[in-house]
Amino acid sequence: MVSTDEELVEELESQRQTIMLDGALRLVEEHHRDTGAGVERELFEEYLDTMTFRYEGFPSSVDEALVSEDSWHGGGHIYELSENRISYYPPRWHDELRETSDLREYLRVMETDAMETEGGDREAVTDDGALMDMLLDAAVAIGGMDREDARSQIETLKTDGEVRVYPEQHANPWVQRI
């Protein structure tokens, strides 16, 4: 049995009415740091088992949501990184981004998968760029960055004219390379 973080379990529980399986994985991947890309499948399943409604509360299983693609396919998917590791993000993103903290590189890689996405706004990577929350989440989960440091880097890049943030007053604006 693997060890779970009680604060993370509480966070998952607080969202149990609305969280989807991929969203639960995103939270675990961001907050339960271990070695290697993504999360061990056994660890993720342990988190699901600790939740009140357990695995059965989700409309799909990990196996049903699992894809072995290298590119982003929008929300609702879980990416297989290796035999026992899974991620909210595709393997190519991990391969190209895990060694950098340059958010311009994150945007470059994410923009190569620009598409019309289905699902919630969090999953959107389009020709308009990436939503700020998704960019920040990826920087934390893949690159191990501190979320506030990443947010500060976006502000610096915006001031330097390297990225555009729009609409600026929106709670989750788009971030696009210029």
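Note that this is a predicted model, so its numbers are computed, not measured.

Analysis parameters
- Residues numbered from 1 in each chain as written.
- Predicted model: local features only at pLDDT ≥ 70, side-chain atom pairs only at ≥ 80, totals over all residues.
- Heavy atoms only, no water.
- Helix = DSSP H or I, 4+ residues; strand = E, 2+ residues; numbered from the N terminus.
- Rg over C-alpha atoms; globule rule 2.2 N^0.38 Å.
- Buried < 20%, exposed > 50% of the residue type's maximum accessible area, 1.4 Å probe, protein only.
- Contact = heavy atoms within 4.5 Å.
- Lys, Arg positive; Asp, Glu negative; His and termini not counted.
- Charge placed at Lys NZ, Arg CZ, Asp CG, Glu CD.
- Phe/Tyr/Trp six-rings, centres within 6.5 Å; stacked < 30°, edge-to-face > 60°.
- Lys NZ or Arg CZ within 6 Å of the ring centre and 35° of its normal.
- Core = buried A, V, L, I, M, F, W, Y, C linked by side-chain atoms within 4.5 Å.
- Pairing = 2+ DSSP bridges.
- Axes fitted to C-alpha atoms, helices over the stretch in contact; angles between N-to-C directions.
- Salt bridge = Lys/Arg side-chain N within 4 Å of Asp/Glu carboxyl O.
- Expected span 1.5 Å × (residues − 1).

Each helix and strand in the protein was counted, giving eight helices and eight strands. Here the protein has a C-alpha radius of gyration of 16 Å; the compact-globule value for 178 residues is 16 Å, and the two agree. When the backbone C-alpha atoms are referred to their principal axes, the protein occupies close to 50 × 30 × 30 Å. Relative to its 178 residues, the protein shows a buried fraction of 46%. For the protein, restricting intrachain contacts to residue pairs at least 6 apart in sequence, the fraction spanning at least 24 positions comes to 52%. Measuring between centres, the 16 positive side-chain charges of the protein sit 4 Å from its 44 negative side-chain charges.

Summed over the entire model, instances satisfying the criterion amount to five aromatic pairs. When the centroid spacing of 6.0 Å and the interplanar angle of 25° are considered together, the rings of Trp72 and Tyr79 count as stacked. Neither Trp72 nor Tyr79 differs from the other in exposure class; each is buried. Counting every residue linked through ring pairs, the aromatic cluster contains Trp72, Tyr79, Tyr88, Tyr89 and Trp93. The ring of Tyr166 has Arg164 sitting right over it, with the charged end atom 3.8 Å from the ring centre.

Turning to the nonpolar core, a few remarks are in order. Ranked by size, the top nonpolar core spans 29 residues in total, and within it Trp93, Leu103, Tyr106, Met110 and Leu135 carry the most contacts. Within the residue set of this core, elements represented by two or more residues are helix H5 (91-97), helix H6 (103-111), helix H7 (132-143), helix H8 (147-159) and strand E7 (163-166). The biggest single contributor to this core is H7, with eight residues. Residues contacting Met110, with those up to four places away along its chain left out, are Trp93, Val125, Ala130, Met134 and Leu135. Core analysis: the next-biggest nonpolar cluster, separate from the first, contains 20 residues, Ile19, Ala24, Tyr47 and Phe58 among them.

Attention shifts here to the sheet that holds strand E6 (residues 129-131). Spatially, the four strands line up as an open sheet ordered E5-E6-E8-E7, and their pairing is antiparallel. Each end of this open sheet is capped by a strand with a single partner; those strands are strand E5 (125-126) and E7. Sheet topology places E7 next to strand E8 (residues 174-177); four bridges connect them, and they run antiparallel. Each residue of the ladder has a partner; that of Tyr166, found in E8, is Trp174. Each of E5, E6, E7 and E8 is contacted by H6, which is oriented at about 95° to E8, the strand it contacts most.

We now examine the pattern of salt bridges. This structure, assessed with the given rule, holds 20 salt bridges. Residue Asp137 is joined to Arg26 by a salt bridge in which the shortest nitrogen-to-oxygen separation is 3.4 Å. Here the residue Asp137 occupies a position in helix H7, and Arg26 occupies one in helix H2 (residues 21-31), the gap between them amounting to 111 residues. For the pair shown, Asp137 and Arg26 are each scored as buried. A single network of salt bridges, built from pairs that share partners, joins Arg26, Glu30, Asp133, Asp137 and Arg147.

This brings us to H7. Counted at 1.5 Å a residue, the expected span for H7 with its 12 residues is 16 Å, and the 16 Å between its end C-alpha atoms agrees. Counting buried residues in H7 gives 11 out of 12 residues, a clear majority hidden from the surface. Inspection of H7 places Met132, Asp133, Met134, Leu135, Leu136, Asp137, Ala138, Ala139, Val140, Ala141 and Ile142 among the buried residues, and these make up the whole buried set. Where H7 terminates, the next one or two residues include Gly144, which has phi positive at roughly 70°.

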